Amino acid sequence: MHIETIATPDLAWQEEALCAQTGGDFFFPEPGSSVRDAKRICALCPIRSACLEYALSNDERFGVWGGLSEKERLALRRTMH
């Protein structure tokens, strides 16, 4: 019997993320709420670039990833193509 496995990305970097230590509420605010606190935390995070790369690669559509909001990531994606 052959069981097919799906490769999972290496997410070990997430353990070092400041958001993992502060809780997700800042990073997934209610629509229309400020993302300023999340961006402030991201600016201090040592793995910010890995986070942003993950979000762009996986088309994350919600929340703040790598210091960018959904709209900012969408704009960045458009300039990359």
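Rules used throughout
Residues numbered from 1 in each chain as written. Predicted model: local features only at pLDDT ≥ 70, side-chain atom pairs only at ≥ 80, totals over all residues. Heavy atoms only, no water. Phe/Tyr/Trp six-rings, centres within 6.5 Å; stacked < 30°, edge-to-face > 60°. Helix = DSSP H or I, 4+ residues; strand = E, 2+ residues; numbered from the N terminus. Buried < 20%, exposed > 50% of the residue type's maximum accessible area, 1.4 Å probe, protein only. Salt bridge = Lys/Arg side-chain N within 4 Å of Asp/Glu carboxyl O. Axes fitted to C-alpha atoms, helices over the stretch in contact; angles between N-to-C directions. Parallel < 35°, antiparallel > 145°, perpendicular 65-115°, else oblique. Contact = heavy atoms within 4.5 Å. Nonpolar A, V, L, I, M, F, W, Y, C, P; charged D, E, K, R; others polar. UniProt positions renumbered as here; feature names shortened; annotations may be inferred.

1. Focus on the packing of aromatic side chains
Here comes step 1: Applying the stated criterion across every chain yields a total of 2 aromatic pairs.
Here comes step 2: With 6.4 Å between their ring centres and 85° between their planes, phenylalanine 28 and tryptophan 65 make a pair best called edge-to-face. Remark: tryptophan 65 occurs in the loop between helix H3 (48-57) and helix H4 (70-80) and phenylalanine 28 occurs in the loop between helix H1 (18-22) and helix H2 (36-44); sequence separation between them is 37 residues.
Here comes step 3: The exposure class assigned to phenylalanine 28 is partly exposed, which follows from its relative accessible area of 45%.
Here comes step 4: Taken together, Phe28, Tyr54 and Trp65 form an aromatic cluster joined through their ring pairs.

2. Observations regarding the pattern of salt bridges
Here comes step 1: Scanning the entire structure with this criterion turns up 4 salt bridges.
Here comes step 2: The residue aspartate 37 makes a salt bridge to arginine 40 at a minimum N-O spacing of 3.0 Å. Of this pair, aspartate 37 and arginine 40 both sit in helix H2, separated by 3 residues, roughly a single helical turn.
Here comes step 3: A network of salt bridges, in which partner residues are shared, links Asp59, Arg61 and Arg77.

3. Topic: the packing of H3 against H4
The description of two packed helices rests on the angle between their axes and on the distance between the axes.
Here comes step 1: Packing of H3 against H4 leaves a shortest axis separation of 11 Å and a crossing angle of 75°. Judged by the inter-axis angle, H3 sits roughly perpendicular to H4. For the pair H3 and H4, contact is made by Leu52, Ala55 and Leu56 and by Arg73, Leu76, Arg77 and Met80, respectively.
Here comes step 2: Residues belonging to the contact of H3 with H4 are distributed by class as follows: 5 nonpolar, no polar and 2 charged.

4. Considerations on the UniProt feature "binding site: [4Fe-4S] cluster" (unreviewed entry) in the protein chain
Here comes step 1: Residues given the UniProt feature "binding site: [4Fe-4S] cluster" (unreviewed entry) here are Cys19, Cys42, Cys45 and Cys51. Over a stretch of 33 residues, the named residues converge on one spot in the fold, their C-alpha atoms separated by at most 10.4 Å.
Here comes step 2: Positionally, cysteine 19 belongs in helix H1.
Here comes step 3: Relative accessible area serves as the criterion here: at 30%, cysteine 19 is assigned to the partly exposed category.
Here comes step 4: When near neighbours in sequence (up to four residues on either side) are disregarded, cysteine 19 contacts Gly24, Phe27 and Ile41.
Here comes step 5: Mapping cysteine 51 onto the fold places it in helix H3.

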